[in-house]
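Next come the chains, spelled out residue by residue.
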Amino acid sequence: MGTMSAPRPAPLLAGDVGATKTNLALFTTAGGVLTAVAEANFVNGGYGGLEDVVRAFLARGRSAPTAACFGVAGPVAEGRARMPNLGWLIDAASLGRLLGLERVVLLNDLAATAYGIAVLPPEQLVVLNPGVPLPGGNAALIAAGTGLGEAVLYWDGTRHRVSASEAGHADFAPRDGEQIAIPGLHNVYAALDVAEAPDVAARIAAAEDASATITELALAGASARCTRALDVFVSAYGAEAGNLALRALATGGVHVGGGIAPKIVSKLADGTFMRAFTAKGRFADWLARIPVKVILDPKTALRGAAAYLASVEARS
């Protein structure tokens, strides 16, 4: 008689639930390696809640998972999260009951991204500052997109654990007169006393995404005002990243994530970001030794949710 092969374990369901869209994927694990076997994106406006999105995903003939982990754009407490931009209330326990999942874990989206750093391939990182990382040092993540997110990765003696935050909602401390009327790239542009060509001003005014248009014009060198706006934005971004490095004692490194960074890598790498990052008086040399890298992969939070869930399943 032939031997019966062991049943294949059910895949893990991971999700990145943002303000406007949700990315879902099924992952298998083999030898500690995560592999996405199915993936889909959903526009949140067409659904009444996350359970409806998951049902739509699994209805496409996907293999049924037994566990799920979702990174959500909002604070998570006691397995619950309310999406401030959607009005969705996500409750891990009720979601598990409704979908027949044995385990559902909710993470803040920045925490999910932070867990994803460990599984990023090197080609998905751009080095702004090589620095000299200290083994066992804390690390940190800062990510500007629709809003600003920050997380700390603290060393517990064996590995990095993630502490989520809502630091992006803290007050902004401007460093000079130009920064009084910001943050936000479009707000920076509007606040500047720099002449603009009428056709460029009209293009920005008519743009569906003014910030993206300002960025495009700045990177192309097509508008002095747009270029200055991006300079101010990147300088403020670098200064806050340096503040986070100080708060977290991030001698293990700082990662820059979010949707904006991959689009302006050339600007982040021109020195503006790092000059502001290190401009902390007597701590300038200390900050200059901290590695700083930009995350390019837009699916880092999705992979991080899967990596976290795989580690939980392995320990249970």
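Rules and cut-offs
- Residues numbered from 1 in each chain as written.
- Predicted model: local features only at pLDDT ≥ 70, side-chain atom pairs only at ≥ 80, totals over all residues.
- Heavy atoms only, no water.
- Phe/Tyr/Trp six-rings, centres within 6.5 Å; stacked < 30°, edge-to-face > 60°.
- Buried < 20%, exposed > 50% of the residue type's maximum accessible area, 1.4 Å probe, protein only.
- Lys NZ or Arg CZ within 6 Å of the ring centre and 35° of its normal.
- Pairing = 2+ DSSP bridges.
- Helix = DSSP H or I, 4+ residues; strand = E, 2+ residues; numbered from the N terminus.
- Axes fitted to C-alpha atoms, helices over the stretch in contact; angles between N-to-C directions.
- Contact = heavy atoms within 4.5 Å.
- Left-handed = near helix turned anticlockwise from the far one by under 90°.
- Nonpolar A, V, L, I, M, F, W, Y, C, P; charged D, E, K, R; others polar.
- Core = buried A, V, L, I, M, F, W, Y, C linked by side-chain atoms within 4.5 Å.

### Let's talk about the packing of aromatic side chains
Working step 1: Enumeration according to the criterion identifies 7 aromatic pairs in this entry.
Working step 2: Look at F42 and Y47: their rings are 5.9 Å apart centre to centre, the planes differ by 85°, and that puts the pair in the edge-to-face class.
Working step 3: With centroids separated by 5.9 Å and ring planes inclined at 80°, the aromatic side chains of F283 and W286 adopt a geometry described as edge-to-face.
Working step 4: Assessed through its relative accessible area of 45%, F283 is described here as partly exposed.
Working step 5: Stacked on the ring of Y189, the Lys or Arg R225 has its end atom at 4.5 Å from the ring centre.

### Observations regarding the sheet that holds strand β9 (residues 125–129)
Note on sheets: strands pair through backbone hydrogen bonds, and any given pair is parallel or antiparallel.
Working step 1: With respect to topology, 6 strands assemble into an open sheet ordered β9-β14-β13-β10-β11-β12, the strand pairing being mixed. Where the open sheet ends on each side, the last strands, each with one partner, are β9 and β12 (160–164). The average angle at which neighbouring strand axes cross in this sheet is 25°, direction not considered.
Working step 2: Relative to strand β14 (residues 292–295), β9 is paired through 4 bridges, and the arrangement is antiparallel. Bridge pairing links V127 to K293 in β14.

### Some points on the environment of C226
Working step 1: The residue C226 is located in helix α7 (residues 224–248) in this model.
Working step 2: On the basis of relative accessibility, which here comes to 0%, the residue C226 falls in the buried class.
Working step 3: Separated by 116 residues in the primary sequence, C226 and L110 have C-alpha atoms spaced 29 Å apart.
Working step 4: Look past the residues within four positions of C226 in its chain and what remains in contact with it is Y189, E196, I204, I214, L217 and A218.

### Quick look at the packing of helix α1 (residues 50–58) against helix α2 (residues 92–99)
Working step 1: The N-to-C vectors of α1 and α2 enclose an angle of 35°; their axes lie 10 Å apart at closest approach. Once α1 is placed against α2, the crossing between them reads as right-handed. Note on element contacts: α2 touches α1 through L95, L98 and L99, opposite L50, E51, V54 and R55.
Working step 2: Each residue belonging to the contact of α1 with α2 can be placed in one class, and the counts come to 5 nonpolar, no polar and 2 charged.

### A word on the nonpolar core
Working step 1: Residues I204, V254, V256, L268, F273, F277 and V292 are the most contacted members of the largest nonpolar core, which totals 40 residues.
Working step 2: L268 has contacts with L128, V234, A261, F273 and V294, leaving out every residue within four places of it along the chain.
Working step 3: A14, A25, L110 and A114 belong to the second largest nonpolar core, which has 27 residues in total.

### Some points on the sheet that holds strand β2 (residues 21–30)
Working step 1: Spatial ordering of the open sheet is given by β3-β2-β1-β4-β8, a layout of 5 strands whose pairing is mixed. Each edge of the sheet is formed by a strand with only one pairing partner; in this case those strands are β3 (33–43) and β8 (103–108). Across the sheet, the mean angle from the axis of one strand to that of its neighbour is 20°, orientation sign disregarded.
Working step 2: Here strand β1 (residues 12–17) pairs with β2 via 6 bridges, running antiparallel. Within β2, the residue paired with A14 across the bridge is A25.
Working step 3: Where helix α11 (residues 300–315) meets the sheet, it contacts β1, β2, β3, β4 (67–72) and β8, and its direction lies at approximately 140° from that of β1.

### Concerning the pairing of strand β10 (residues 139–144)
Working step 1: Within β10, 6 of the 6 residues are buried, which leaves it mostly tucked inside the rest of the structure.
Working step 2: Where burial is concerned, the two faces of β10 agree: the one with A139, L141 and A143 and the one with A140, I142 and A144 are both buried.
Working step 3: Across 6 bridges, β10 lies against strand β11 (residues 148–155) in antiparallel orientation. What sits directly across from A144, in β11, is L148.
Working step 4: Connecting the antiparallel pair β10 and β11 is a turn made up of 3 residues.
Working step 5: Here 5 bridges tie β10 to strand β13 (residues 253–257), and the two strands are oriented parallel to one another. Its bridge partner lying in β13, A139 is registered against G253.

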